[in-house]
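Architecture at a glance
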Amino acid sequence: MADNVFSIPQNNGEICFQGMRISFAGADQDAPIVADAREILSGIDVDALDTTQTEEDLAWEATRSKNNPDPLNPDELKQSAIGTMVAQIVFDELAARGYDLNPSPISVETQTTDCSQ
């Protein structure tokens, strides 16, 4: 079950949905860090995020990578930027709440519907 779900309009007119959830390998599902991470993730207003700078950073990084011969299209950049920003928000807030994140017992997982069908 996703802890946060949002829609992403695509340039081709389709709408994709991206779900995010907290994964907690190495921690109990009732652990305070898991509960706090879920609370933080579910409280993020994805539509309010300004992804412009993160998209630019990701596009620049992709051009520098020899493992990525094909540049990301604008829709892929947006999705990647959202995932990057949401994970950063979750981990920054957990750190601000005093959790030791090295190593972190939680991760943020994302899944996007296949809009090409």
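This write-up is about the structure you can find in this document. (Residues numbered from 1 in each chain as written. Predicted model: local features only at pLDDT ≥ 70, side-chain atom pairs only at ≥ 80, totals over all residues. Heavy atoms only, no water.)

As a further point, take the overall build of the chain. The secondary structure content of the chain amounts to 3 helices and 3 strands. When the helices and strands of the chain are read in sequence order from the N terminus, they spell out β-β-α-α-α-β. Classification of the 117 residues of the chain by burial places 35% in the buried group. For the chain, restricting intrachain contacts to residue pairs at least 6 apart in sequence, the fraction spanning at least 24 positions comes to 65%. By element, 48% of the accessible surface of the chain is carried by carbon and sulfur atoms, the whole surface being about 7400 Å². (Helix = DSSP H or I, 4+ residues; strand = E, 2+ residues; numbered from the N terminus. Buried < 20%, exposed > 50% of the residue type's maximum accessible area, 1.4 Å probe, protein only. Contact = heavy atoms within 4.5 Å. Areas by Shrake-Rupley, 256 points an atom, 1.4 Å probe, with all protein chains shown as cover.)

We now examine helix H3 (residues 74–96). Taking 1.5 Å per residue as the helical rise, H3 with its 23 residues ought to reach 33 Å, and the 32 Å between its terminal C-alpha atoms agrees with that figure. Regarding H3, the residues found buried are Asp75, Leu77, Gln79, Ala81, Ile82, Gly83, Met85, Val86, Ala87, Val90 and Leu94. A positive phi of about 95 degrees marks Gly98, the residue just after H3. (Expected span 1.5 Å × (residues − 1).)

Turning next to the side chain of Ser23. Mapped onto the secondary structure, Ser23 falls in strand S2 (residues 15–23). A polar contact is formed between the side chain of Ser23 and the side chain of Glu109, at a distance of 3.2 Å. Discounting residues that sit within four places of it in the chain, Ser23 has contacts with Pro105, Ile106, Ser107 and Glu109. (Polar contact = N/O pair within 3.5 Å; in protein donor to acceptor, adjacent residues only side chain to side chain.)

Every α-helix carries 3.6 residues per turn, so stepping three or four residues along brings you back to the same face. Here helix H1 (residues 32–42) has its buried residues at Ile33, Val34, Asp36, Ala37, Ile40 and Leu41. One face of H1 carries all of its buried residues, which in axial projection span an arc of 165 degrees. Looking at the buried side of H1, the elements it contacts are strand S1 (4–9), S2 and H3. (Arc of directions from axis to C-beta.)

Glancing now at the sheet that holds S2. Sheet architecture is open: 3 strands sit in the order S1-S2-S3, paired in antiparallel fashion. Because the sheet does not close on itself, it has two edges, and the strands there are S1 and strand S3 (107–112). Here the strands of the sheet are splayed against their neighbours by 25 degrees on average, with no regard to which way each runs. With 6 bridges joining them, S2 and S3 adopt antiparallel strand pairing. Among the inter-strand pairings, Gly19 is bridged to a residue of S3, identified as Gln111. Most of the contacts of H1 go to S2, to which it runs at about 160 degrees, and overall it touches S1 and S2. H3 rests against S1, S2 and S3 of the sheet, and its axis sits at about 25 degrees to S2. (Pairing = 2+ DSSP bridges. Axes fitted to C-alpha atoms, helices over the stretch in contact; angles between N-to-C directions.)

A cluster of nonpolar side chains, Val5, Ile15 and Phe17, forms an exposed patch at the surface whose accessible area comes to about 300 Å². Its location among the elements puts Val5 in strand S1. (Patch = residues over 30% accessible without salt bridge, like charges linked within 9 Å, V, L, I, M, F, W, Y side chains within 5 Å. Salt bridge = Lys/Arg side-chain N within 4 Å of Asp/Glu carboxyl O.)

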